[in-house]
Each structure stands twice: as structure tokens, then as C-alpha cells.
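A look at the structure
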Amino acid sequence: MEARAELNYARIAPRKVQIVLDLIRNKPVDEALAILKYTPKAACEPLMKLLNSAIANGVNDPAKSMDRERMYVAECFVSQGVTLKRIRPRAQGRANRINKKTSNITLVLRDE
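What you see is a predicted model, and the numbers here were worked out from it, not measured in a lab.

Reading across the sheet, the three strands line up as β1-β3-β2 and stay open at both edges, with antiparallel pairing between neighbours. Where the open sheet ends on each side, the last strands, each with one partner, are β1 (2–10) and β2 (71–89). Ignoring which end each strand starts from, the neighbouring axes of this sheet average 10° apart. Running at roughly 165° to β2, helix α1 (residues 14–24) makes contact with β2 and β3 (95–111) of the sheet. Contacting β1, β2 and β3, helix α3 (residues 44–60) runs over the sheet at an angle of about 145° to β1.

Structure below.
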């Protein structure tokens, strides 16, 4: 059995998310939640919400009915989403482009 949750177009760069995903990969869900709670990274807040959503997907679906105590983070990966292009005015009428990157994050939980 597996439960999954996806977050598309999160307004954080994929590089920053990947650092935190490496911390919780192959960990039990309670340990992963504790890691996310006490890690001082910007990606932790949306990842905690995503992990809680994946847990709820596994526990509340009657077809799956997974046990929360036996769930672990089997797969977690991030890919780059769309890039928001913004313009920053510079001196003498010039302009610089600022690329605001987004992330598509996927979490997959499985039973032991």
C-alpha cells in the first residue's frame, strides 16, 4: 500500500527543497515530522503540510486503510516548476531580469 501527496508550483526554489527532502527520506513519519518541525529551513513549513496530507490520504482512504505507526517516507522528490519572470529597474533606463523559481514536490508513503 502507498499513499501520496503532491504540491505543485510551491514558491520556493527546488535546490532549497532538495536539502530538506534528503533529511526525511526513508524515515518513519513521526521522525520525519519531528525533523521538519525543528529544522530551520524555509522549505520545512510546506513540506510539513504536505507530509500531513499524505498521512491523511493513507489513513482515511477506505481502500488503503494504512496504519500510521507503520508508515515511512518511501519516496520524496522535487522537480522544477514554472519560472516567474520579473523585471528590476536599474540605472540609466536599463532593466535586469529576476527569475522566481517554483517547485513541484511529491511525497510517497508506504507501510513497512
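Closest axis-to-axis distance for the α1/helix α2 (residues 29–38) pair is 9 Å, and the angle between their directions is 140°. Considering the relative orientation of α1 and α2, their crossing is right-handed. Residue-level inspection shows Val20, Leu23 and Ile24 of α1 in contact with α2, the latter providing Ala32, Ile35 and Leu36. By residue class, the composition of the contact of α1 with α2 is six nonpolar, no polar and no charged.

Before going further, it helps to examine the side chain of Ser103. As for its placement among the helices and strands, Ser103 is situated in strand β3. Under the relative-accessibility criterion, Ser103 is labelled buried at 0%. Side-chain polar atoms of Ser103 contact the backbone oxygen of Ile12, separated by 2.4 Å. For Ser103, the contacting residues outside a window of four places in its chain are Leu7, Asn8, Tyr9, Ala10, Ile12, Ala13, Pro14, Val17, Val78, Ser79 and Gly81.

Glancing now at α2. Listed in full, the buried residues belonging to α2 are Val29, Ala32, Leu33 and Leu36. The buried residues of α2 occupy one face: seen down the axis, they fall within an arc of 100°.

Before going further, it helps to examine the pattern of salt bridges. As enumerated under the stated definition, the model contains six salt bridges in all. Between Glu6 and Arg4 there is a salt bridge whose closest N-O contact spans 3.8 Å. Residue classification places Glu6 among the partly exposed positions, given a relative accessible area of 48%. A salt bridge links Asp22 to Arg25, with the nearest nitrogen and oxygen atoms 2.8 Å apart. Its relative accessible area of 43% is what places Asp22 among the partly exposed residues. For Arg25, a relative accessible area of 27% corresponds to the partly exposed category. Because the salt bridges share partners, they merge into one network encompassing Glu2, Arg4, Glu6, Glu75 and Arg110.

Let's shift gears to the side chain of Thr39. Inspection of the secondary structure puts Thr39 in the loop between α2 and α3. Thr39 sits in the buried class, given a relative accessible area of 18%. Engagement of the side chain of Thr39 in a polar contact is seen with the backbone oxygen of Ile35, the distance being 2.5 Å. Contacts of Thr39, omitting those with residues within four sequence positions, involve Leu23 and Cys44.

Definitions and cut-offs
Residues numbered from 1 in each chain as written. Predicted model: local features only at pLDDT ≥ 70, side-chain atom pairs only at ≥ 80, totals over all residues. Heavy atoms only, no water. Pairing = 2+ DSSP bridges. Helix = DSSP H or I, 4+ residues; strand = E, 2+ residues; numbered from the N terminus. Axes fitted to C-alpha atoms, helices over the stretch in contact; angles between N-to-C directions. Contact = heavy atoms within 4.5 Å. Left-handed = near helix turned anticlockwise from the far one by under 90°. Nonpolar A, V, L, I, M, F, W, Y, C, P; charged D, E, K, R; others polar. Buried < 20%, exposed > 50% of the residue type's maximum accessible area, 1.4 Å probe, protein only. Polar contact = N/O pair within 3.5 Å; in protein donor to acceptor, adjacent residues only side chain to side chain. Arc of directions from axis to C-beta. Salt bridge = Lys/Arg side-chain N within 4 Å of Asp/Glu carboxyl O.

Keep in mind that these numbers describe shape and distance, not what the molecule does.
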